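# Architecture at a glance
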Amino acid sequence: MCRLSALVSAEYISPMEPILALETMKEGHDGSGLGLIMRDLGGEFESLKEYPVLSAITTHDGYHTLQDYMVDKGFRVKHRWEPRLKVTPGMKIQKRDKYLVNLYEYPESYEEATSEEKAALLTRTRLELRALGEADKSITVFSFWPDVVTLKEVGDPLEVGEFFGLDKNPVTAKTVFAQGRQNTNYAINLYACHPFFIQGYFTMTNGENTAFIPIREYLGSRGVEGYVGYNSDSEVFAHILHYTRKKLGYPLSYYKDVITPLKGEEMQRRPDAAILELMKRSLRMLTIDGPNCVIGCDIDGTVFMTQDAKKLRPGVVGGVNGRVGFMSEVCGLSEAVPGRDTSNDVFPMKYDLVMVRPGAKEIEVWNQLNGSMSTISLG
Amino acid sequence: MESAERLDVNHQLGLSDLPYVIQWNDAACTRCGRCTSVCPVQAIEPGVYERRVVESTGATPLPTTVRRVGSCIKQVVDINRRCIGCATCRQVCPNDAIVPVFNPRNKFAWHMNQGGEPYKRGGRRNDTDASVLDQLKFTRISMLTDPALDAGRHEFRVRTYLGRNLPPEKLPIKVEDGLLLPDGMPFIPPVREIFPIRIGGMSVGALSPHMWEGLAMGIAYLNEVENIPVIMCTGEGGMPPRLLKSPFLKYFILQIASGYFGWDEIVHAIPEMQCDPAGIEIKYGQGAKPGDGGLLMASKVLKHIAKIRGVPEFVDLASPPTHQTKYSIEEAVAKMVTAMSMAWDFRVPVYPKISGTRTALAVLNNLARNPFAAALGIDGEDGGTGAAYNVSLDKMGHPIASNLRECYLNLVKIGAQNELPLFAAGGVGKHGNLAANAAALIMLGASGVDCGKYIMQAAAGCLGDEHNRCNICNTGKCPKGITTQDPRIFRRLDPDKVAQRVVDVFVAADKELKKIFAPMGRSTELPIGMSDGLSVSDAAVAKRLEINYAC
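It should be emphasised that the depicted structure is a prediction, and the values quoted were computed from it without experimental measurement.

### Observations regarding the sheet that holds strand β6 (residues 137-138) of chain B
Residues and elements named next belong to chain B.
- Taking strand neighbours across the sheet as the criterion, the three strands line up as β6-β22-β23 in an open arrangement whose pairing is mixed. Strands at the two margins of the open sheet, each flanked by one partner only, are β6 and β23 (548-549).
- Pairing analysis gives two bridges linking strand β22 (residues 534-536) to β23, with the strands arranged parallel. If you follow V536 over to β23, its bridge partner there is Y549.

Here it is, written out as C-alpha cells:
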C-alpha cells in the first residue's frame with residue numbers, strides 16, 4: 001500500500017519536509033517511486049506565478065523534439081529551473097537525460113485569451129507532447145500549469161529527494177503533495193505514479209479502485225480533453241474531481257456525494273435530498289467501491305482528504321496554525337508537524353470530507369450525512 | 001404364417017425412430033391405469049398381448065405350449081402421439097414401473113413435418129452445449145491490497161434503474177450558497193429502482209391462471225415482505241382486471257405487442273388504477289422467434305382469456321410480426337414511446353424490447369437520441385416461448401452475450417452507458433445458473449436481465465429441456481399445468497407453492513449475486529460494465545467480448 005504525505009503551510013516549505021514524513025512511514029511503501037507536486041511556489045518562482053510551468057522528463061532526442069514543438073507553437077521560455085542532480089555511490093536511481101521544469105510565456109496569439117482558452121491550450125499542449133514521446137518513451141510530461149511543479153522518479157523517496165537536490169536547492173511551495181509508491185503494477189511506469197494532475201486539480205490515492213474500468217470508460221466518454229492515460233486506477237480520482245468541479249460546477253463538498261453517494265434513506269436528512277437522488281442516478285458510474293483514501297487539491301488550493309464509504313484506508317489530518325499535514329499515518333504527521341495538539345487530529349470516517357484552505361488556519365470537517373460543517377480552529 | 005407382403009412396414013415409423021421410448025416393467029405394474037390417464041399426448045394406452053407360454057402342470061408334467069392373453073401398457077407408434085418424455089407417467093406410477101428414455105438416435109427431425117406442416121412447439125433452442133454465459137468466469141478476485149468483502153455480513157446494494165438517467169451535464173441544477181438546488185421544472189424521466197433480475201414477459205393466456213397468480217403473489221411478497229423489488233412483465237395479452245386496478249400494479253411492466261391484445265381493457269382501466277405500472281414494454285421482437293409475432297393457439301383461448309384479451313373464444317390469436325401501424329421501427333420508437341408515455345402523463349418508463357440481432361445497434365442509436373425512451377431490452381436466441389416454429393426456435397436469432405456487449409460498448413462511445421439502461425434476456429439461467437449468468441451479463445454492460453423459462457422450471461417444475469423434452473406449451477396440454485387453460489390440468493398446479501418458489505428463487509439469487517460481488521470487492525453499486533472482472537477460456541470469445549482470456 002502506498003503512503004501519502006501532504007503539507008499545507010502558510011509559509012513556503014521545502015518538499016523535503018513531506019518526504020521526511022514519508023520516511024517515517026517506510027514500512028508501508030517499498031521505495032519504488034516518489035511523486036511530488038508543489039503548488040503555490042516560492043523562491044525564484046514567486047514572481048512568475050502567471051507563467052505556465054512544464055514539468056517533464058525527456059531523453060536527449062526527446063528534449064529537442066519538445067523544444068521544437070514548443071517553439072513551433074509559439075511558447076517562449078521565460079525561466080528554467082533545473083534540479084541539481086546528486087548521484088551518490090550506492091544510489092539505485094537511474095538518472096535520465098533531462099529533467100525539465102520550464103516556465104513559458106503564452107504564444108502571442110493568446111495574449112487576449114480567456115483563462116478557459118489558456119487552460120485548453122495548456123492541456124492540449126501537454127497531451128500532444130505526451131503523444132509525441134509515448135512510443136519511444138522520449139518524453140514524459142506530468143503537468144503544464146501556472147504555479148505548479150511536478151517531479152517524479154523511481155526509487156526510494158528520500159533518495160529521490162536527495163537525487164533531485166531538494167535538500168540543498170528546493171522548489172519551495174505552500175502546498176506539497178508527496179507519494180511513496182508501493183508498486184502493485186510490476187512494470188514501473190512514471191505515468192502510473194501519483195499525484196495526478198489536470199488543469200489545477202490534483203489527487204493522490206491510497207488503495208485499489210475496484211470500480212476502475214466502468215469509471216474509466218465513463219470519464220473517457222464525457223468528451224473532455226485530458227481524460228486519458230489511466231496507467232493507474234487512481235488517476236480517475238483526479239479526473240472525477242475535475243469533472244465534478246470544473247465540468248459540472250458543483251461545490252467541492254459534492255465530490256464526496258459523487259464518489260460515495262448516500263443511501264436513499266440517508267439522503268433525507270439533507271436539504272438537497274432531491275438533487276442527491278438525481279445525482280446518484282446520473283453519476284452512478286462514478287461511484288467507487290474502495291478501498292481508497294483520497295487526498296486532493298482543489299483549484300483554489302483547498303486541500304482535502306476523504307475515504308470510500310466502507311473499506312477505508314489509513315489517513316489522518318492534523319496540525320498547527322499555519323501548517324497542516326495530511327498523512328497516511330500518525331507517525332508521518334508527528335514528523336511533519338511536531339508539537340501539535342493531537343486532540344485536534346482528525347481521522348476521516350466514511351461520511352467525512354476534511355478540508356484545509358490556503359493559509360492553514362483551521363481544519364473543516366464536512367459531514368456528508370448531515371450536510372453540516374464543523375471547524376477546528378488551530379489557534 | 002403371415003405373408004412377406006404383410007410384413008412390409010417400410011412406410012411406417014418404429015419405436016426406435018421416436019425421440020422417447022417407454023420402458024415398462026410388466027412385473028412391477030399393477031395395471032392401475034394412472035399412467036395412461038395422465039399422459040398429456042396419449043402416447044401410451046392400455047393394450048393386450050398374446051404370449052406363447054410353455055407350461056408343465058399335473059402329476060406327470062409334460063411341457064405344453066399354450067397361448068395366453070394379458071394386459072399391458074403400450075407405446076403408440078404415431079408421430080402425432082409420440083412420447084414427449086415428460087415422465088408424468090412415472091411421477092404417478094406407484095411402483096416405478098414405467099419411464100420414458102431419451103433415444104439419441106431418433107429420427108424425429110426427419111418426420112415432424114407431416115401433412116406439409118412444419119413442426120411447432122414451445123420451449124427454447126434445443127442446444128445442449130454450454131452457453132457462452134456459462135463459460136464466463138469471475139476472475140478478478142480481491143486479494144491483499146483490496147480485501148474481499150463478507151457476502152453474509154456486509155451491506156450490499158443490489159439494485160438497478162429502469163428508466164432514463166439524465167446525463168449529469170443536463171441535470172437541472174443550480175448552486176446557491178454552496179448547495180445544489182433544483183433549477184426550474186424541466187422534464188425528469190421517470191426511473192424505477194428495481195432488483196436487477198426481472199421476470200420476463202409471459203402472458204396471461206400463454207400461462208395458466210394458477211401459474212400467473214402464483215408468479216404475481218410471489219412478486220408481491222418479494223416486494224412487500226422481503227424488500228427485494230423484483231418486477232415482472234405481463235407479456236402480450238393484458239392482465240386480469242382486478243390486478244390492473246390493484247395497488248400491486250406497480251410491480252408489473254405492461255407489455256404492448258403487435259396484436260395489442262388486452263390493451264383496450266388496460267386503457268379503459270387507467271382512470272381506475274390506484275398506482276402506475278412499473279413500466280411499459282413495447283415488444284418489437286422476441287429472442288426465441290425473431291420476426292414472428294406472438295401466437296396463442298385457439299385451444300387456449302377460453303372464456304376468461306377471451307375476456308382479458310378482448311377477443312372471441314377459441315380463435316387462434318396470431319400477432320403480426322411487427323406493429324402494423326408503423327412503417328419502421330424508428331417511427332415506432334418515436335411515436336409509440338411518446339404515445340405510451342403520454343397515456344400515463346410521462347410518469348412511467350416506456351421502452352422497446354427487440355430480438356437479438358446484428359442490427360441492434362441501429363435501434364440503439366435511435367433510442368439514444370430519443371429523450372423519452374427509457375431503456376432497451378434485447379432478447380437473445382436462447383429465450384423461450386409458448387409457441388413457435390421449431391426452425392425459428394432452433395435456427396433464428398442472435399446470441400445475447402456479444403449483442404449486449406457491442407451495444408454497451410457503443411453506448412460507452414457516445415457517453416450514454418448510464419443514460420440508457422440495457423436489459424438482456426435469452427438464456428439467463430438456461431443451465432440453472434441464474435445469478436452467475438445475470439452477473440456476467442451485468443459485467444458485460446447490462447443494467448439488468450430477464451428470465452422466464454428458468455422461473456417456470458424453478459417455480460413450477462416445467463419439464464422442458466434441450467433434448468426437446470415436453471415442449472408442448474403450444475398445445476394447451478402442459479402436464480404441469482403451467483401453460484394450459486384446461487382447468488382439469490391447471491388445477492394440479494398450486495399457486496401458493498409457485499409463489500413460495502418464486503420467493504425462494506429471488507432470495508437465493510440475491511444471496512448468490514452477493515457471493516459473486518463480494519470477492520470482487522463490489523457492493524456499493526451494481527458492477528455494470530466491470531468487464532475486467534470476467535474471463536473466458538475461449539480466446540475468440542474473449543476477443544469478441546473484449547474481456548480477459550484465462551486458462
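### Remarks on the interface of chain B and chain A
- Each side of the interface is counted separately: chain B has 47 residues, and chain A has 37 residues.
- Linking chain B to chain A there are four salt bridges.
- The shortest N-O distance in the salt bridge between R140 of chain B and E208 of chain A comes to 2.9 Å.
- Where chain B meets chain A, there are 20 residue pairs in polar contact (both at pLDDT 80 or more).
- Elements that contribute at least two residues to the side of chain B that touches chain A include exactly β7 (160-163), β8 (173-176), β9 (179-182), β10 (191-194) and α12 (400-414) of chain B.
- Here the element with the most residues in the side of chain B that touches chain A is β9 of chain B; it accounts for four residues.

### Concerning the pattern of salt bridges
- According to the stated counting rule, one finds 50 salt bridges over all chains in the structure shown.
- The salt bridge partner of E23 of chain A is K26 of chain A, with a shortest N-O separation of 3.7 Å.
- A residue is classified by how much of its surface remains accessible, and K26 of chain A, at 37% relative accessible area, is partly exposed.
- In this structure, D298 of chain A and R245 of chain A form a salt bridge, with 3.0 Å as the shortest nitrogen-oxygen distance. Of this pair, D298 of chain A sits in the loop between β11 (292-297) and β12 (303-307) while R245 of chain A sits in helix α6 (residues 235-247), and the two are 53 residues apart along the sequence. Like R245 of chain A, D298 of chain A is buried.
- When salt bridges that share partners are traced, they join R125, D127, E381, D382 and K430 of chain B into one network.

### Brief notes about the side chain of N209 of chain A
Residue and element names in this part refer to chain A.
- Looking at the element boundaries, N209 is found in the loop between β10 (201-207) and α5 (212-220).
- From its side chain, N209 meets the backbone nitrogen of A211 in a polar contact 3.2 Å long.
- Ignoring anything within four residues of it in the chain, the contact list for N209 reads I215, D233, V236, F237 and N292.

### Focus on the state of the cysteines
Residue and element names in this part refer to chain B.
- Counting across every chain of the model gives zero disulfides over all chains.
- You can see C473 has no disulfide; the closest cysteine sulfur is in C462, sitting 6.1 Å from it.
- The class for C473 is buried, based on a relative accessible area of 7%.

### What to know about the domain arrangement of chain B
Residues and elements named next belong to chain B.
- Along its sequence, chain B is organised into domain 1 (13-117) and domain 2 (135-549).
- Taking only C-alpha atoms, the centre of domain 1 and the centre of domain 2 are 43 Å apart.
- For the interface between domain 1 and domain 2, the tally reads zero salt bridges.
- Between the two partners, domain 1 and domain 2, sit five residue pairs in polar contact (both at pLDDT 80 or more).
- When its residues are assigned to classes, the side of domain 1 that touches domain 2 shows 10 nonpolar, three polar and one charged.

### Description of the sheet that holds strand β2 (residues 34-41) of chain A
All names here are of chain A.
- On the basis of which strands lie adjacent, the open sheet formed by six strands has the order β7-β2-β8-β1-β14-β13 and antiparallel pairing. Each edge of the open sheet carries a strand with a single partner, namely β7 (148-153) and β13 (316-320). Strand after strand, the sheet turns through a mean of 15° between neighbouring axes, direction not considered.
- One ladder, built from seven bridges, connects strand β1 (residues 3-13) with strand β8 (residues 173-180); its direction is antiparallel. Counted as the bridge partner of I13 is A173 from β8.
- Along the sheet, helix α1 (residues 16-24) makes contact with β1, β2, β8 and β14 (323-327), crossing β1 at roughly 150°.

### Thoughts on helix α2 (residues 60-73) of chain A
Residues and elements named next belong to chain A.
- When the terminal C-alpha atoms of α2 are compared, their 20 Å separation across 14 residues agrees well with the 20 Å that a helix rising 1.5 Å per residue should span.
- Within the sequence span of α2, burial applies to G62, Y63, L66, Q67, Y69 and M70. Buried residues of α2, viewed axially, fall in a sector of 165°; they line one side. Residues of α2 that are exposed and angled more than 90 degrees away from the buried face: D61, D68, V71 and D72.
- Tucked into the core, α2 has its buried residues touching β3 (52-58), β4 (76-81), β5 (98-105), α3 (115-134) and β6 (139-146).
- Taken from the residues just after α2, G74 is the one with a positive phi, measuring 95°.

Definitions and cut-offs
- Residues numbered from 1 in each chain as written.
- Chains lettered and ligands numbered in written order.
- Predicted model: local features only at pLDDT ≥ 70, side-chain atom pairs only at ≥ 80, totals over all residues.
- Heavy atoms only, no water.
- Pairing = 2+ DSSP bridges.
- Helix = DSSP H or I, 4+ residues; strand = E, 2+ residues; numbered from the N terminus.
- Contact = heavy atoms within 4.5 Å.
- Salt bridge = Lys/Arg side-chain N within 4 Å of Asp/Glu carboxyl O.
- Polar contact = N/O pair within 3.5 Å; in protein donor to acceptor, adjacent residues only side chain to side chain.
- Buried < 20%, exposed > 50% of the residue type's maximum accessible area, 1.4 Å probe, protein only.
- Disulfide = S-S within 2.5 Å.
- Domains from an automatic or database assignment.
- Nonpolar A, V, L, I, M, F, W, Y, C, P; charged D, E, K, R; others polar.
- Axes fitted to C-alpha atoms, helices over the stretch in contact; angles between N-to-C directions.
- Expected span 1.5 Å × (residues − 1).
- Arc of directions from axis to C-beta.

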